[in-house]
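Observations on chain architecture
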Amino acid sequence: LLRHQSPNGGWGYYAFEESAWRPEWATSFQTAAALLAILEAREAGLAVDGARIAAGLRAVKRCRLPTGAYTYSVMAIPNPGDLEGIDQVKGSLGRIQVCNLALLAGGEEVPLEEPRRGISLFFEHHRFLDVARRKPIPHEAYYRNAGYFYFFGHFYAAGVIERLPAEERDPLWSRLQREILKTQEPDGSMWDHWMSDYSRPWGTAYGVLALARSIAPRG
């Protein structure tokens, strides 16, 4: 992961031709997911340069908008874009949770109201994730949501709920369980996007991991 960290501090899933192997472009959600993995590695005893973590956290913070949304890409100047775009709250539902969680895990001073607001927005506008689930073309749904945002968002939503005060968790766990279990197929699998034969394993794994957190929460 550290070898592929962008000069802007984040991580992306493309390295463009002019960038050779090292990406210059980064996304908020991939940066947040990478940071969580690196923070877990450090917690397990591996040596990690703190400056690299700090750079990643700065990249995530740069994506945060006053609305509670996070921009898709790490930009020098974050911009919410057009009113029906992916950087509006309704297009950011799957990113908000992992970004808030990374900032919390990284020790940033994030008011509890921010992750609480993020979870509230997640359930309030959940229909936009529902509409996108299983659509075969990425970003074809409203606010450019893609099907594969679904279980990614729910897995990290579970991580955020774990960090809220105990008295707030139970109703949120119930809502999260309902949104996951309603997708389960007769064979037990869960999936969110027509891409290849690994869509079912990843969806099922994310779904099961989120459910496991909901029945055995920390604290």
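Residues numbered from 1 in each chain as written. Predicted model: local features only at pLDDT ≥ 70, side-chain atom pairs only at ≥ 80, totals over all residues. Heavy atoms only, no water.

1. Section: the overall build of the protein
Along the protein, the regular secondary structure elements total eight helices and zero strands. Helices (α) and strands (β) of the protein occur, in sequence order from the N terminus, as α-α-α-α-α-α-α-α. The C-alpha atoms of the protein give a radius of gyration of 17 Å, which matches the 17 Å a tight globule of 219 residues would have. With the C-alpha coordinates of the protein rotated into their principal frame, the extents come out at 45 × 40 × 35 Å. Relative to its 219 residues, the protein shows a buried fraction of 49%. Restricting to contacts in the protein with at least 6 residues of sequence separation, those with at least 24 account for 57%. With an accessible surface of roughly 10,800 Å², the protein has 55% of that area assigned to carbon and sulfur atoms. Here the protein contributes 25 positively and 25 negatively charged side chains, and the mean placements of these two sets differ by 1 Å. (Helix = DSSP H or I, 4+ residues; strand = E, 2+ residues; numbered from the N terminus. Rg over C-alpha atoms; globule rule 2.2 N^0.38 Å. Buried < 20%, exposed > 50% of the residue type's maximum accessible area, 1.4 Å probe, protein only. Contact = heavy atoms within 4.5 Å. Areas by Shrake-Rupley, 256 points an atom, 1.4 Å probe, with all protein chains shown as cover. Lys, Arg positive; Asp, Glu negative; His and termini not counted. Charge placed at Lys NZ, Arg CZ, Asp CG, Glu CD.)

2. Considering the pattern of salt bridges
Per the stated rule, a full pass over the model turns up ten salt bridges. Of the charged contacts in the structure, one is a salt bridge between aspartate 87 and arginine 95, with a shortest N-O distance of 3.5 Å. Each member of the pair, aspartate 87 as well as arginine 95, carries the same accessibility label: buried. Salt-bridge contacts for glutamate 179 lead to lysine 182; the nearest nitrogen and oxygen are separated by 2.5 Å. When salt bridges with common partners are traced through the structure, they connect Glu113, Arg116 and Glu168 into a single cluster. (Salt bridge = Lys/Arg side-chain N within 4 Å of Asp/Glu carboxyl O.)

3. Focus: the nonpolar core
Membership of the largest hydrophobic core comes to 57 residues, with the highest contact counts inside it found for Val98 and Leu176. Of all elements in the fold, only α1 (28–43), α2 (50–63), α3 (93–105), α4 (113–124), α5 (127–132), α6 (149–162), α7 (166–181) and α8 (199–215) reach the threshold of two or more residues within this core. Broken down by element, the residue count for this core peaks at ten residues, all from α6. Beyond its immediate stretch of four places on either side in the chain, valine 98 contacts Phe29, Ala32, Ala33, Leu36, Phe152 and Tyr156. (Core = buried A, V, L, I, M, F, W, Y, C linked by side-chain atoms within 4.5 Å.)

4. Remarks on the environment of valine 160
You can see valine 160 is positioned in helix α6. Taking the relative accessible area as the measure of exposure, valine 160 reaches 1% and is therefore buried. C-alpha of valine 160 to C-alpha of isoleucine 119: the two residues are 41 residues apart in sequence and 7.7 Å apart in space. Residues within four places of valine 160 in sequence aside, it is in contact with Gln97, Leu101, Pro115 and Ile119.

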